[in-house]
Number of protein chains: 2
Amino acid sequence: MTTLYVCTTCKREGADPDADRDGAKLLAAIVAQNVPDAVQVVPVECLSACSNGCAVALTEAGKWTYVYGRMDPDLHAAEILEGAAKYAASADGIVPWRDRPVIFRKQSVARIPPLVPAQE
Amino acid sequence: MTTLYVCTTCKREGADPDADRDGAKLLAAIVAQNVPDAVQVVPVECLSACSNGCAVALTEAGKWTYVYGRMDPDLHAAEILEGAAKYAASADGIVPWRDRPVIFRKQSVARIPPLVPAQE
């Protein structure tokens, strides 16, 4: 099962500090979509990617973990889930470059190798 | 066992593109130190944190994963290993804020929750 972490405390750059948190809005926008069966959406307080908020992360045992930033709650929920479904369907978390949503190609914050190599 | 990933393809911002890779230099500087027994240093090609190179990541089963950026191969090897040792000694990867090396406090790129909650 793929986990999609959504940082709910995230603010986007330039956001009104007194407004609702963009991360909470992004979470609401994502769960309002058809979440793929192979993906569980898990809210998390702070992915420490604050200079790149809103941030999300994709992870699964045996796969590379990816962190993406500068997500827009008004625009990107469907694309995030499309990318999450492709990640879930991949063997090692590495989706072919051209198959990735544009926001995943352009807004990677970091990736981390699988804890246990997927091929072992 | 804690894994310290070091991106060997990293360039630092403003680095000469024809010079040796700063990531490879950082790896060499780290393994030239006394690496703590509880830490294994693993080179990796690209942590996708290229706008924050040099990048390293700390991970271990059941612990939060941390990614740090803008490491300096000439200055930070000892501090990275000091932080890695404290991470290895922690229960969940979360080292008390004041105990973290300054570069870890100021240069976090992202963190990701443990795949399996540490308290389960």
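Definitions and cut-offs
- Residues numbered from 1 in each chain as written.
- Chains lettered and ligands numbered in written order.
- Predicted model: local features only at pLDDT ≥ 70, side-chain atom pairs only at ≥ 80, totals over all residues.
- Heavy atoms only, no water.
- Helix = DSSP H or I, 4+ residues; strand = E, 2+ residues; numbered from the N terminus.
- Contact = heavy atoms within 4.5 Å.
- Least-squares fit on C-alpha atoms with pLDDT ≥ 70 in both.
- Axes fitted to C-alpha atoms, helices over the stretch in contact; angles between N-to-C directions.
- Parallel < 35°, antiparallel > 145°, perpendicular 65-115°, else oblique.
- Left-handed = near helix turned anticlockwise from the far one by under 90°.
- Pairing = 2+ DSSP bridges.
- Buried area = accessible area lost by both parts, 1.4 Å probe.
- Salt bridge = Lys/Arg side-chain N within 4 Å of Asp/Glu carboxyl O.
- Buried < 20%, exposed > 50% of the residue type's maximum accessible area, 1.4 Å probe, protein only.
- pLDDT = per-residue confidence, 0-100.

### Digging into the environment of C46 of chain B
Tracing the chain through its elements places C46 of chain B in the loop between strand 2 (39–44) and strand 3 (56–59). Put simply, C46 of chain B and D20 of chain B are 26 residues apart on the chain and 15 Å apart in space, counted from C-alpha to C-alpha. Beyond its immediate chain neighbours, meaning those up to four positions away, C46 of chain B contacts W64 and R111 of chain A together with C7 and T9 of chain B.

### Brief notes about the relation of the copies chain A and chain B
Relating the two copies of this chain is a rotation about some axis coupled with a shift parallel to it. At an RMSD of 0.0 Å, chain A and chain B line up after a rotation of 180° and a shift of 0.0 Å along the axis. Viewed as a symmetry operation, the transformation between the two copies matches a two-fold axis. Comparing interface residues between copies, 100% of those in chain A also lie at the interface in chain B; the contact surface is shared.

### Re the packing of helix 1 (residues 22–31) of chain B against helix 2 (residues 77–89) of chain B
A packed helix pair is summarised by two numbers, namely the angle formed by the two axes and the spacing between the axes. Residue and element names in this part refer to chain B. Between helix 1 and helix 2, the shortest axis-to-axis distance is 9 Å and the interhelical angle comes to 65°. As summarised for this structure, helix 1 and helix 2 are arranged roughly perpendicular, according to the angle between their axes. At the point where helix 1 passes helix 2, the crossing takes the right-handed sense. Facing helix 1, whose interface residues are L26, A29 and I30, helix 2 presents A77, I80 and L81.

### Digging into the sheet that holds strand 2 (residues 39–44) of chain A
Residues and elements named next belong to chain A. In spatial order, the strands read 2-1-3-4-5; together these five strands make up an open sheet with mixed pairing. Each of the sheet's edge strands pairs with one partner strand only, and the pair in question is strand 2 and strand 5 (108–112). With direction set aside, neighbouring strand axes in the sheet form an average angle of 15°. With three bridges connecting them, strand 3 (residues 56–59) and strand 4 (residues 65–68) associate as antiparallel partners. Looking at the pairing, A57 lines up with V67 of strand 4. Along the sheet, helix 1 (residues 22–31) contacts strand 1 (2–7), strand 2 and strand 3; its crossing angle with strand 1, the most-contacted strand, is approximately 145°.

### Comments concerning the interface of chain A and chain B
Contacts between the two partners involve 22 residues from chain A and, on the opposite side, 22 residues from chain B. Regarding the contact of chain A and chain B, the summed buried area is about 1700 Å², with carbon and sulfur atoms giving 63% of it. Counting the surface chain A buries against chain B, the share from its top three residues, R111, I112 and L115 of chain A, is 31%. Here chain A is connected to chain B by zero salt bridges. Contributing elements (two or more residues each) for the side of chain A that touches chain B: strand 3, strand 4 and strand 5 of chain A. If you tally residues by element for the side of chain A that touches chain B, the top one is strand 5 of chain A, at five residues.

### Re the pairing of strand 4 of chain A
All names here are of chain A. Side chains T65 and V67 of strand 4 all project onto a buried face; the interleaved residues Y66 and Y68 project onto the opposite face, where all are buried too. Here strand 4 pairs with strand 5 via four bridges, running antiparallel. Each bridged residue has a counterpart across the sheet, and for T65 the counterpart in strand 5 is I112.

### Side note on the confidence of the model for chain A
Chain-level pLDDT for chain A is 92 on average; 96% of the residues reach the 70-or-more range. Reported for the predicted complex are a pTM of 0.91 and an ipTM of 0.89.

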